[in-house]
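# Fold and geometry: a report
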Amino acid sequence: MKPADEVNLARRRLAALLAGTPLAGALDVAFAANDGVDFTGRWVHAFAAYGPPKYGPEFTHFDYVNPAAPKGGTLRLRNPDRRSSFDKYNPWTTRGNAPAGVLIWMVDGLCHLSQDEPMTVYGLIAEAMLVADDFSSVSFRINPRARFNNGDPVLADDVRHSWEMLAGKHAAPSYQTLVAGIARVIVVDRQTVRFEFRNKARDQVFVAATMPVFSRKWGDGKSFDQVVTEYPITAGPYLIDKVDMPRRIEFRLDPDYWAKDLPARRGHFNFDRVVYRMYQDQPVAREAFKAGEFDLFKEYGARSWVRLHKGPKWDDGRIVKASLLTGFGQQMQSYQLNLRRDKFKDIRVREALGYTYDFETINKAKSFTRVNNLFNNSEFGAVGLPSPGELKLLEPFRSELPPRVFGPAFEAPRTDGDPNGLRRNLLHARSLLIEAGWKPDADGKLRNAAGQQLEIEYMTPRDGGLDDWIRNLAKIGVLLKDRVVDFALYRRRLNQYDFDMVTIVEGPFTLPSAQELAAWYGSKSADEEGNSNYRGVKSRAADAVIDAIARAETMDQLRDAARALDRIVMWSFWQVPDLYSAKENFSHWNKFGKPDVMPPYFRADTLITGFVEWAPWPLWAWWMK
């Protein structure tokens, strides 16, 4: 396929995806510039995975920011995830918890990922990049003005040091996995560095481009896992100013931030101060938000969004309720089953659990959409029967895969088809469990040959809200226990894979990432404590298809490989699929100015996926009125 044809194909597919949404009109613009231009084999200001970048080398700012936004004021936030305390500042090691704000306020990479086009990076610490024609390497030329927050210049040696730390044994395994495709980092000269890849894959370019860069002086030569309470020496826009460990941290805008006038940064970071306060649980945090203790509250619960984000302060406009559509593909939120447990080794047991989960009753408010594939809200989820391209990848493993992988695409069981839908599903689940060797006793409890009842412990750092599911399973003789633990214990048990079932949200994407998928589903990561293969998946077929995603040279190849992986994951029942939303649901106090243009790819609050900062547009581009 010629480059121009590839660009047109990408444009048509994305237009189809966003048709009828507010984002559709911006799509033609995103592919209009430089159609057919090859951006490999020469020094360029930006690089896109497929097709040309939207913004040319003379661009001054992104469309979704206000370059003249006023600076000032204090942005007050809460802990955006399950962390309710912190005890270190190093976010890339396993032991302990770092505050979420370090990654998005203090850390810059060689490039910045734009928010209004699929997987496109623009120079940041690097003023230019050179991608090899065969994707075997990428070189970066460091901007001579780039400075760390201690005033030192950012040099090629610092980039190599950052990679060595992240690839080394003392980094969290999830980060080791992300950089595993980088064979070596070579210092070409003081301001030029080259990443050489183990395999020729374009997504490695984005791993290198978004890899965090920190100073060789950070930690003063300590082993990376011993760098704990030293403030990070990084090149980002904010500095740690005040700390009340473990509950509160304040960042202040660095007046000497070297990149503040770069095109990739102009219009960003408009608050003088950012303050995080940690809350133990959601209800307390929600009440604190309503009392004005912090400025923005992203809501993850469907019922809470409908029932609790309302009241006099919403009615009179002091608080604004926002539900903003994004263009992200959505990977799964699911109840992940630990295949290391004997009880989950039989596929019939895993499938049965899906029949007992009554999503339609839980989602009465219809705030969320049921997960039916690995790549929701995108063209990369499987549809219908496998294509010839998918079959080419799947056939070598036919004997190892569930037969249904080769049939129609997966659809989760439903309970809303008729009044007896739930009863029908529960009876089918019970039959599957009996076939798997779990027999009912005199009291109707399902027991194995050793007389043990089928018990499943759901581990969560906050109230799981599984009452309906617990009742459904009890009806067929299965005991589901909702185990609430503090976050430190939750994190430790998660890292050690010591659980039966947990809820994991796999995050948004613009294009499927082989590195990320290898961390979730790769056989190598299953045996590495602290990695992201919580399910314990070991599948030669999944490994091969993830490799095909990494090697894809066209959008067609990428789509076929992603859909093949989707069929493997969903029909293997390694999880009970839950929900996703293509909207960012959040409330905020009515004190912010906003740019005229909203980007398609953004988050409402702090979220890091791998090295990629899916930028929180309200936090990075809004300003205090």
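Residues numbered from 1 in each chain as written. Predicted model: local features only at pLDDT ≥ 70, side-chain atom pairs only at ≥ 80, totals over all residues. Heavy atoms only, no water.

### Some words on the pairing of strand S16 (residues 333–337)
Just so we agree on the cut-off: Three labels apply to residues, based on accessible area from a 1.4 Å probe with only protein chains included: buried if under 20% of the type maximum, exposed if over 50%, partly exposed otherwise in between. Labels follow the DSSP assignment, with helices taken as runs of H or I lasting at least four residues and strands as runs of E lasting at least two, numbered in each case from the N terminus.
Judged by how many residues are buried, S16 sits mostly within the fold: five of five residues are covered. Burial along S16 is two-sided: the face carrying Gln333, Tyr335 and Leu337 and the face carrying Ser334 and Gln336 are both buried.

### Brief notes about the environment of Val121
Heads up, the rule is: Whether two residues are in contact is decided by their heavy atoms: any pair within 4.5 Å suffices.
Among the structural elements, Val121 can be located in strand S5 (residues 120–123). Under the relative-accessibility criterion, Val121 is labelled buried at 0%. Expressed as a C-alpha distance, the spacing of Val121 and Asp346, which sit 225 residues apart in the sequence, is 44 Å. Among all residues touching Val121, those that are not within four sequence positions of it are His45, Ala46, Phe47, Cys111, His112, Leu113, Met129, Phe206, Ala209 and Thr210.

### What to know about the environment of Glu127
As for its position among the elements, Glu127 is in strand S6 (residues 126–131). Once the C-alpha coordinates of Glu127 and Ala474 are considered, the two residues, 347 residues apart in sequence, prove to be 61 Å apart. Every residue in contact with Glu127, bar those within four places of it in the chain, is listed here: His45, Arg141, Ile142, Asn143 and Pro144.

### Some words on the pattern of salt bridges
Pairs can form between side chains of opposite charge whenever their charged atoms are close. Where we set the bar: Note on definitions: salt bridges are taken to be side-chain nitrogens of Lys or Arg within 4 Å of carboxyl oxygens of Asp or Glu.
By the definition in use, this model includes 48 salt bridges. A salt bridge links Asp346 to Arg348; the nearest nitrogen and oxygen atoms lie 2.8 Å apart. Through salt bridges with shared partners, one network takes in Arg341, Lys343, Glu457, Arg483, Arg493, Asp498 and Asp500.

### Details of the sheet that holds strand S7 (residues 137–142)
As a reminder, the rule being used: We call two strands paired when DSSP finds no fewer than two bridges between them. Where helices are involved, their axes are fitted lines through C-alpha atoms of the stretch in contact, as for all axes, and angles between N-to-C directions lie from 0 to 180°.
As summarised here, the arrangement of the five strands in space is S1-S6-S7-S9-S8, forming an open sheet in which the pairing is antiparallel. Each of the sheet's edge strands pairs with one partner strand only, and the pair in question is strand S1 (43–44) and strand S8 (182–189). Relative to S7, S6 runs antiparallel, the two being bridged by five bridges. From the neighbouring strand, Met129 faces S7, where its bridge partner is Phe140. Each of S7, S8 and strand S9 (192–197) touches helix H4 (residues 156–167); the most contacted strand, S8, lies at about 165° to it.

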